[in-house]
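Letter by letter, the chains look like this.
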Amino acid sequence: AQKVTQAQTEISVVEKEDVTLDCVYETRDTTYYLFWYKQPPSGELVFLIRRNSFDEQNEISGRYSWNFQKSTSSFNFTITASQVVDSAVYFCALSTIGGGSNYKLTFGKGTLLTVNP
Amino acid sequence: DVKVTQSSRYLVKRTGEKVFLECVQDMDHENMFWYRQDPGLGLRLIYFSYDVKMKEKGDIPEGYSVSREKKERFSLILESASTNQTSMYLCASSSDRGGYEQYFGPGTRLTVT
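Remember, it's a predicted structure, so these values are computed and weren't measured experimentally.

A. A look at the overall build of chain A. Along the backbone of chain A there are 0 helices and 12 strands. If you list the helices and strands of chain A from N to C, you get β-β-β-β-β-β-β-β-β-β-β-β. Here the C-alpha radius of gyration of chain A, 14 Å, is about what a compact globule of 117 residues would show, namely 13 Å. Over its C-alpha atoms, taken along the principal directions, chain A stretches across nearly 45 × 30 × 20 Å. Taking all 117 residues of chain A together, 42% fall into the buried category. Contacts in chain A between residues far apart in sequence, at least 24 positions, make up 57% of those at least 6 positions apart. Carbon and sulfur atoms make up 48% of the accessible area of chain A, which amounts to about 5700 Å² in all. Looking at charge distribution, chain A has the averaged site of its 10 positive side-chain charges lying 6 Å from that of its 12 negative ones.

B. Highlighting the confidence of the model for chain A. When pLDDT is averaged along chain A, the result is 93, and 97% of the positions lie at 70 or above. Across chain A, the element-wise mean pLDDT spans from 89 in strand 7 (residues 59-61) of chain A up to 98 in strand 3 (residues 19-21) of chain A.

C. Spotlight on the interface of chain B and chain A. Counting residues at the interface gives 24 residues for chain B and 24 residues for chain A. In this assembly, chain B and chain A are joined by 1 salt bridge. The partner of A:R50 in a salt bridge is B:E101, with the nearest N and O atoms 2.7 Å apart. Of all elements in the fold, only strand 4 (31-38), strand 5 (42-51) and strand 10 (103-104) of chain B reach the threshold of two or more residues within the side of chain B that touches chain A.

D. Just the pairing of strand 2 (residues 10-14) of chain A, in detail. All names here are of chain A. Residues of strand 2 alternate between two faces, with I11 and V13 buried on one and E10, S12 and V14 left unburied on the opposite face. The pairing of strand 2 with strand 12 (residues 111-116) spans 5 bridges and is parallel. Bridged to E10 within strand 12 is L112.

E. Spotlight on the environment of B:Y100. All names here are of chain B. As for its position among the elements, Y100 is in the loop between strand 9 (87-94) and strand 10. With a relative accessible area of 6%, Y100 lands in the buried category. As a C-alpha pair, Y100 and N31 span 69 residues in sequence and 9.0 Å in three-dimensional space.

Criteria and thresholds
Residues numbered from 1 in each chain as written. Chains lettered and ligands numbered in written order. Predicted model: local features only at pLDDT ≥ 70, side-chain atom pairs only at ≥ 80, totals over all residues. Heavy atoms only, no water. Helix = DSSP H or I, 4+ residues; strand = E, 2+ residues; numbered from the N terminus. Rg over C-alpha atoms; globule rule 2.2 N^0.38 Å. Buried < 20%, exposed > 50% of the residue type's maximum accessible area, 1.4 Å probe, protein only. Contact = heavy atoms within 4.5 Å. Areas by Shrake-Rupley, 256 points an atom, 1.4 Å probe, with all protein chains shown as cover. Lys, Arg positive; Asp, Glu negative; His and termini not counted. Charge placed at Lys NZ, Arg CZ, Asp CG, Glu CD. pLDDT = per-residue confidence, 0-100. Salt bridge = Lys/Arg side-chain N within 4 Å of Asp/Glu carboxyl O. Pairing = 2+ DSSP bridges.

Written out as structure tokens, the structure is:
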């Protein structure tokens, strides 16, 4: 069975602080994808990134960066110089690579990030 | 851009009513999903479909059914709505040809009174 754990239920920071959202996953599969989604107050989940289990390179996109470490089964998300617009619920998710039922994503319960001005 | 639309943003129904939630995607995606989202419980998968007329139960299918007669449309049916089905319902779609990322609609907030 797959499992995604986001231990931080809520995080509150002041604007311009850096913040890291933790994600730890469990899977018996050797090939899988990891994802991060953002759900702003408007409610629609927005896809941010996908990483393949073959590729442990860290990724940076503007103020966002992701640290994938297979050895610790973690896929952490860092926002540098946070802004009020970053306030949202962030979800980490996992999917096995394959067909049929493997298209399902297993989501963590989410971390509510509040960035205060 | 992938677009997933849901028939209603807000819906209020009475206990015992039959409720239809419609979802349409315009990117020729093979897979479609229905979730419900409740505070503290995260996203829970109700049903999904990886092909037309194919469906599979998710984690919480009880009290729900689905229909997928056309590739672009996936309907969630509450046969007899109950107050414990008051929730945010999210539809998503994904492609077999990509990396399985799901694209979500804006959600339907359903209240059953």
